[in-house]
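Topology and contacts: notes
Residue-level listing of the chains:
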Amino acid sequence: MTNYRRILTLAVMGILLLSSCKKRATPQEVALAFMHAIQDSNFDQARDYATKESQQVIQIYSIFDGRRSDAEREKIRKAKIEVVGIEEKGNKASVTILNSSAHQEEVLQLVKEGGQWKISLTFESIIPNYIPPANQGLDSTTVLTPDTTTSGMAVPAVK
């Protein structure tokens with residue numbers, strides 16, 4: 001019976017030791033996993049590889065993806081994705097991906113969040129001609145007028 005306990009104890013200790021040595025994903029691995037999730041339109045999985053700030057960008061991208069034709073989605077799914085460059089500096093990294101469906105290189109920015117590499121997206125990264133809205137603050141001199149094109153919502157009037 002003591003041999004059984006020894007074997008069981010050694011097995012449990014071995015499992016604990018192996019599970020505690022879990023390897024952290026590299027920027028390249030995170031970038032590829034993220035791109036494959038995007039290819040499969042699996043945006044929940046893609047969010048797992050992204051920073052908290054990138055969650056809204058992925059949500060908007062999923063809306064654009066929903067408007068694609070089946071042929072476009074199939075082309076994206078079949079695309080070959082290849083890492084062609086990696087640059088890592090401290091807690092930041094850039095991974096250059098060659099996407100065969102777009103026939104161009106894409107650079108993904110990554111940052112360490114909680115000790116793990118995460119994709120850092122901006123609106124500019126998914127919308128090529130995105131121009132951030134002008135900083136139009138509302139103050140006590142801003143006049144709100146009803147706009148009939150927005151279901152009666154008040155919008156700032158032009159001064």
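In this report, we go over the structure that sits alongside the text. Since this is a predicted model, take the numbers as computed values, not measurements.

**Regarding the nonpolar core**
- With 22 residues, the main nonpolar core has Phe-34, Ile-97, Leu-108, Leu-110 and Ile-119 as its most contacted residues.
- Broken down by secondary-structure element, the contributors of at least two residues to this core are helix H2 (27–39), helix H3 (43–48), helix H4 (55–66), strand S1 (81–89), strand S2 (92–99), strand S3 (104–113) and strand S4 (116–120).
- Sorting elements by how many residues they give to this core places H2 first, with six residues.
- Those residues in contact with Ile-97 that lie beyond four places of it in its chain are Ala-31, Leu-32, Met-35, Ile-81, Glu-82, Val-83, Val-84, Gln-104, Glu-105, Glu-106 and Leu-108.

**Quick look at the pairing of S3**
- Where S2 meets S3, eight bridges bridge the pair, whose relative direction is antiparallel. Counted as the bridge partner of Asn-99 is Gln-104 from S3.

**Here we look at H2**
- Between the first and last C-alpha of H2 there are 18 Å, a value that for 13 residues agrees with the 18 Å anticipated at 1.5 Å per step.
- Listed in full, the buried residues belonging to H2 are Pro-27, Val-30, Ala-31, Phe-34, Met-35, Ala-37, Ile-38 and Gln-39.

**Side note on the pattern of salt bridges**
- Scanning the model with the defined rule gives seven salt bridges in all.
- For Arg-77, the salt bridge goes to Glu-74, with nearest N and O atoms at 3.5 Å. With a gap of three residues between them, Arg-77 and Glu-74 both fall in helix H5 (residues 70–78), about one helical turn apart.
- Judged by relative accessible area, which is 38%, Arg-77 ranks as partly exposed.
- Connected via shared salt-bridge partners are Asp-65, Arg-68, Asp-70 and Arg-73.

Thresholds, definitions, all that
Residues numbered from 1 in each chain as written. Predicted model: local features only at pLDDT ≥ 70, side-chain atom pairs only at ≥ 80, totals over all residues. Heavy atoms only, no water. Core = buried A, V, L, I, M, F, W, Y, C linked by side-chain atoms within 4.5 Å. Buried < 20%, exposed > 50% of the residue type's maximum accessible area, 1.4 Å probe, protein only. Helix = DSSP H or I, 4+ residues; strand = E, 2+ residues; numbered from the N terminus. Contact = heavy atoms within 4.5 Å. Pairing = 2+ DSSP bridges. Expected span 1.5 Å × (residues − 1). Salt bridge = Lys/Arg side-chain N within 4 Å of Asp/Glu carboxyl O.

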